[in-house]
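Spelled out, the chains give:
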Amino acid sequence: MQIFIDADACPVIRIAEQVAKQHNIPVTLLCDTNHVLTSDYSEVKIIGAGADAVDFALINLCKRSDIVVTQDYGVAAMALGKGAYAIHQSGKWYTNDNIDQMLMERHLNKKARRASGKNHLKGPKKRTQEDNDRFRESFEKLIIMAKNK
């Protein structure tokens, strides 16, 4: 088992690394050339810039039973298709039972934005300690569940 993090603008990298380290699970951070990262624990892979380059590199690396941390529903869907587990930075698990609805909602929201002429959304609300605690707890549960399968 390995953990792959879609690390471009990911606010939970350090939390994920701490939990992974406690469970002795290797972590790979994938980022593009605009978000160069360093880590004392994880392997960092810097992927050339380009639309979805990091996403495709991550999916090419992950395998069955790996864990993917991403806020991208498309990446999550592809990871699930490979038999990997996927979790959002909010702590919500992506599953085969919820991913289709999430993708459809994303599509409909994008379509509505395009029709209204509003292509940009307001950014996410400021992350709180409660958000971090929720992610940590959910991520820990996912790791334990994945290790026991």
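A.B. asks: For this particular structure, what's the right way to read the pairing of strand S2 (residues 27-32)?
C.D. replies: One face of the sheet, then the other: side chains in a regular strand alternate in exactly this way. Within S2, six of the six residues are buried, leaving the element largely enclosed by the surrounding structure. Side chains Val27, Leu29 and Cys31 of S2 all project onto a buried face; the interleaved residues Thr28, Leu30 and Asp32 project onto the opposite face, where all are buried too. Looking at chain direction, strand S1 (residues 3-6) and S2 are connected through four bridges and run parallel. Counterpart to isoleucine 5 in the pairing with S2 is leucine 29. Handedness of the crossover joining S1 and S2 through helix H1 (residues 13-22) is recorded here as right-handed. As paired strands, S2 and strand S3 (residues 43-47) are joined by five bridges and run parallel to one another.

A.B. asks: Before we go on, may I ask you to explain the environment of isoleucine 25 in this structure?
C.D. replies: Of note, isoleucine 25 is situated in the loop between H1 and S2. Linking isoleucine 25 and glutamine 2, residues 23 residues apart in sequence, is a C-alpha distance of 5.9 Å. Leave out the neighbours within four places in its chain, and isoleucine 25 touches Met1, Gln2, Ile3, Ala20, Tyr41, Ile143 and Lys147.

Parameters at a glance
Residues numbered from 1 in each chain as written. Predicted model: local features only at pLDDT ≥ 70, side-chain atom pairs only at ≥ 80, totals over all residues. Heavy atoms only, no water. Buried < 20%, exposed > 50% of the residue type's maximum accessible area, 1.4 Å probe, protein only. Helix = DSSP H or I, 4+ residues; strand = E, 2+ residues; numbered from the N terminus. Pairing = 2+ DSSP bridges. Right-handed = clockwise from strand over helix to strand, strands pointing away. Contact = heavy atoms within 4.5 Å.

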